Structure formats: structure tokens, C-alpha cells
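# Structure at a glance
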Amino acid sequence: GYSPAPLTENNRIRMMNFIDNLHTANGTALYKAMDKAIDQIDAHVRILEKTDPDYFTKTEFESTHIISFTDGIDNTSRLPNTRNLSASDDWENNPYYIHIVNKLRSTLIKGHPISSHLVVVHNDEIRGLEKKFAELANGITSLNTNGEYQYYLVNNFSELGNEFGKIVSALTTRWHNLQLF
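Residues numbered from 1 in each chain as written. Predicted model: local features only at pLDDT ≥ 70, side-chain atom pairs only at ≥ 80, totals over all residues. Heavy atoms only, no water.

### Section: the layout of surface pockets
A volume near 500 Å³ is recorded for the second largest pocket. Taken together, 26 residues line the second largest pocket, and the ones lying closest to its centre are Ser115, Ser142, Leu143, Asn144 and Gln150. Those elements giving two or more residues to the lining of the second largest pocket turn out to be helix 3 (95-106), strand 3 (112-121), helix 4 (130-140) and helix 5 (160-172). Looking at the lining of the second largest pocket element by element, the count peaks at six residues for strand 3. Class assignment of the residues belonging to the lining of the second largest pocket gives a composition of 10 nonpolar, 13 polar and three charged. (1 Å grid on protein atoms, 1.4 Å probe; cavity = no way out; pocket = protein on both sides within 12 Å on 5 of 7 lines; lining within 4 Å. Points joined across faces, edges and corners; volume = space filled by probe spheres on them. Helix = DSSP H or I, 4+ residues; strand = E, 2+ residues; numbered from the N terminus. Nonpolar A, V, L, I, M, F, W, Y, C, P; charged D, E, K, R; others polar.)

### Details of the nonpolar core
Ranked by internal contacts, the top residues of the largest apolar core, which has 28 residues, are Tyr31 and Ile140. Elements that contribute at least two residues to this core include exactly helix 2 (30-51), helix 3, strand 3 and helix 4. Broken down by element, this core gets its largest block of residues, eight residues, from helix 2. Apart from the residues within four sequence positions on either side, Ile140 is in contact with Leu30, Tyr31, Met34, Tyr97, Ile100, Val101, Leu104, Ser116 and Leu118. Membership of the second largest hydrophobic core comes to 10 residues, among which are Val154, Leu160, Ile167 and Leu171. (Core = buried A, V, L, I, M, F, W, Y, C linked by side-chain atoms within 4.5 Å. Buried < 20%, exposed > 50% of the residue type's maximum accessible area, 1.4 Å probe, protein only. Contact = heavy atoms within 4.5 Å.)

### Observations concerning the environment of Ile109
Note that Ile109 resides in strand 2 (residues 108-109). Residue Ile109 is classed as buried on the basis of its relative accessible area, which comes to 2%. In this structure, Ile109 is in contact with Ile41, Asp42, Val45, Phe61, Thr64 and Ile114, ignoring residues within four places of it in sequence.

### Some thoughts on the confidence of the model for the protein
On average, residues of the protein score 79 in pLDDT, and 84% of them reach the 70 mark or higher. Mean pLDDT values over the elements of the protein span from 77, in helix 1 (residues 9-20), up to 91, in helix 3. (pLDDT = per-residue confidence, 0-100.)

### Some thoughts on the environment of Glu130
Looking at the element boundaries, Glu130 is found in helix 4. In the structure, Glu130 is positioned 23 residues away from Leu153 in sequence and 9.1 Å away in space, judged by C-alpha atoms.

### With respect to the packing of aromatic side chains
Using the criterion set out here, one finds three aromatic pairs in the structure. Ring centres of Phe69 and Phe164 lie 6.1 Å apart, and the angle between their planes is 50 degrees; on these two criteria the pair is classed as tilted. Of this pair, Phe69 sits in strand 1 (residues 64-70) while Phe164 is found in helix 5, placing the two residues 95 residues apart along the sequence. Classification of Phe69 by relative accessible area gives partly exposed; the value is 24%. Among the aromatic residues, those joined into a cluster by ring pairs are Tyr31, Tyr96 and Tyr97. (Phe/Tyr/Trp six-rings, centres within 6.5 Å; stacked < 30°, edge-to-face > 60°.)

### Some words on the pattern of salt bridges
Enumeration over the complete set of coordinates arrives at five salt bridges. With its nearest N and O atoms 2.4 Å apart, the salt bridge here joins Asp35 to Lys103. Taken as a pair, Asp35 in helix 2 and Lys103 in helix 3 lie far apart in primary sequence, 68 residues in all. Assigned by exposure class, Asp35 and Lys103 land together as buried. Asp39 serves as the salt-bridge partner of Lys103, at 2.6 Å between the closest nitrogen and oxygen. Taken together, the residues Lys103 in helix 3 and Asp39 in helix 2 connect sequence positions 64 residues apart. For Lys103, a relative accessible area of 15% gives the class buried. (Salt bridge = Lys/Arg side-chain N within 4 Å of Asp/Glu carboxyl O.)

So this is what it looks like as C-alpha cells:
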């Protein structure tokens, strides 16, 4: 993963290339990735406050967002002293899933919870489990202003960049000055 950095044209191109080159693999570590992202955001904000104590008083701040991509149910993330759980196990009993749900609810960035989006590539692993997967996603995504979970199901990898663009467009229309990392 990358550490937070301002969204420049070069970083945007690098990120879009990364998204455009995603493909299936043998393991899904969604919860571990989300855990790391939450920690990176928290650490980044602490560094901003330390290097510029007035940063948030002179900058409009509404919320922080995590946008995650997955092609399946997490089968790789593991907390210490727990076993890996497969798609056939009850995801709601997965210790890492529970950890991420609680961490998203309890981690506040400048007094605001982190808003979580999840983009899922529809494939054979989740075919027939769409309803179950949507329920799983509801625990690790946030509600938008319309009261809908920020869960997006796309049919193939070629749609990821387009879906990401829609999410970013929705976020950028809300503020005249948006800082992306």
C-alpha cells in the first residue's frame, strides 16, 4: 500500500494505473487493508497536527473517507491467535470483521467517524451470495446522505476506475476546496 500523500496529477495517474491493473488473486485481505488504512489516516492527521497545529482551524474539514476494492470475501486477514475464516464460515463471527466494524465506529478523525466505501467486483466467489455479501458490506460501509450504504457492486475489473470516479465526483461536488490523499 501507499502512505497518504496529496492528490497531485502524478499521484492521480499512479492511483488510476493501480486501479486499472487490479486483477483476481488467490487471497483477499480486505480487513487487513482497511485496518492499515484507518491507522494510516489517524497517523497522518497526528503528523499534520504536530507539524502545523493550526492546520484544522484554517482548513474546512467535514470528514475522511476510505474507498476499498475487493473481488471476494476476506479469507486471508487474521488477528493474532485466531484462524482464517473462509467464505463458507459465518462472516459476522470473523474476529477481524468484528474488529473492523468496531474500529470504523470508534475511530474519530477531528471528531468525525471515517466514512467507508466498498467497491466489489462481482465474480464466481460471490455469485449466489450477493445478499449475504451486501449484509457483510453494510457492516463495513457507511451510510450516505440518502441513507444508503456506500456499497457498489460492479460486474468486472474494467468498471473499477469508472465507479471510483463516480465516488470521487460525488465527494468533490460538496466542497470547493477538497484535499485528497
